[in-house]
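Topology and contacts: notes
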Amino acid sequence: MNSKINTPIKSYVLRQGKITSGQKAAIETLGPKYVIPYRQEIIDLTNIFARDAPKIVEIGFGMGVATATIAQRNLDKDYLGIEVHSPGVGSLLSKIDNHKIANLKLIHHDAVEVITNMLANNSIYGVHIFFPDPWHKKKHNKRRLIKLELLQLLCDKIVTGGYIHIATDWLDYANAILELGNSCSNLENTSAINSFVPRPEYRPLTKFEERGLNLGHQVWDLIFVKV
């Protein structure tokens, strides 16, 4: 499978929120310790984390609450969070430093470019994409992150038996992702009926998600494995 994407896609639309002084200070002081600089060359994550452990990539970690929690609860795995928005990077850097999270590093850049240019094929065990922007208006659907090209790119990067886990609270987007995932010959839906799966224990409920569930909203999890 070819990693090259003919039509460039972005993992974001730059809608930079206001960055606080604390977040800015975290980027300036903690960035050199925990942020891997973007560059157009393959990096050695085993060397960066100083151990041979399964590597999990998260695309678009937001403010990093779930990311930090997952890393703290799964010390046998290493996590690479990729986020383009500065407030979230600053926020998660503070959490990493305050809680001394040794198995979590960040890259402050567009995730598609990072995955394409910095990650070797068959080097990643899992990919997390939690609550990507749904672009719920039909005329904006083309801006959605999850496209066939991205799934094919991720297939190149994950090892056989590795997984892609996507969660969304928009049913229309969930159905579109389900159709895309089920159409990939290299991916197998972990659902016995090729549908959605229950939220796995490793994905914690965020306050936003819990509030939505209490209001009767639903969340759909999809997990595909590379075969």
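Quick note: structure is the one above.
Residues numbered from 1 in each chain as written. Predicted model: local features only at pLDDT ≥ 70, side-chain atom pairs only at ≥ 80, totals over all residues. Heavy atoms only, no water.

A full pass over the atoms with the stated rule returns 8 salt bridges. In this structure, the salt-bridge partner of Arg 39 is Glu 41, at a minimum N-O distance of 3.1 Å. A residue is classified by how much of its surface remains accessible, and Glu 41, at 44% relative accessible area, is partly exposed. A salt bridge links Asp 78 to Arg 51; the shortest N-O distance between them is 2.7 Å. Here the residue Asp 78 occupies a position in strand β2 (residues 78–82), and Arg 51 occupies one in the loop between α2 (45–48) and β1 (55–59), the gap between them amounting to 27 residues. By relative accessible area, Asp 78 is classed as buried at 2%. When its relative accessible area of 30% is taken as the criterion, Arg 51 is described as partly exposed. (Salt bridge = Lys/Arg side-chain N within 4 Å of Asp/Glu carboxyl O. Buried < 20%, exposed > 50% of the residue type's maximum accessible area, 1.4 Å probe, protein only. Helix = DSSP H or I, 4+ residues; strand = E, 2+ residues; numbered from the N terminus.)

A separate point is unusual backbone geometry. Backbone geometry at Lys 100 places phi at a positive 55°, although glycine is not the residue there. Examined against the element boundaries, Lys 100 turns out to sit in the loop between α4 (86–99) and β3 (104–107). The phi angle at Asn 122 is positive, at roughly 55°, despite the residue not being glycine. Tracing the sequence through the fold places Asn 122 in the loop between α5 (111–118) and β4 (124–130).

So, on to the packing of helix α3 (residues 65–73) against α4. Two elements in contact, α3 and α4, have axes whose closest approach is 9 Å; the angle formed by their N-to-C orientations is 30°. Between α3 and α4, the angle falls in the class roughly parallel. Here α3 runs over α4; the crossing is right-handed. Here α3 contributes Val 65, Thr 67, Ala 68 and Gln 72 to the contact with α4, which in turn contributes Leu 92, Lys 95 and His 99. (Axes fitted to C-alpha atoms, helices over the stretch in contact; angles between N-to-C directions. Parallel < 35°, antiparallel > 145°, perpendicular 65-115°, else oblique. Left-handed = near helix turned anticlockwise from the far one by under 90°. Contact = heavy atoms within 4.5 Å.)

The subject of this paragraph is the environment of Ile 56. The topology assignment puts Ile 56 in strand β1. For Ile 56, a relative accessible area of 1% corresponds to the buried category. Among all residues touching Ile 56, those that are not within four sequence positions of it are Lys 77, Asp 78, Tyr 79, Leu 80, Tyr 125, Gly 126, His 128 and Tyr 163.

Before going further, it helps to spend a moment on the nonpolar core. Membership of the largest hydrophobic core comes to 35 residues, with the highest contact counts inside it found for Ile 59, Ile 129 and Ile 146. At the level of elements, β1, β2, α5, β4, α6 (148–157), β5 (158–168), α7 (171–183) and β7 (220–226) are the ones that each hand at least two residues to this core. In this structure, Tyr 34, Tyr 79, Ile 101 and Leu 104 belong to the second largest nonpolar core, which totals 22 residues. (Core = buried A, V, L, I, M, F, W, Y, C linked by side-chain atoms within 4.5 Å.)

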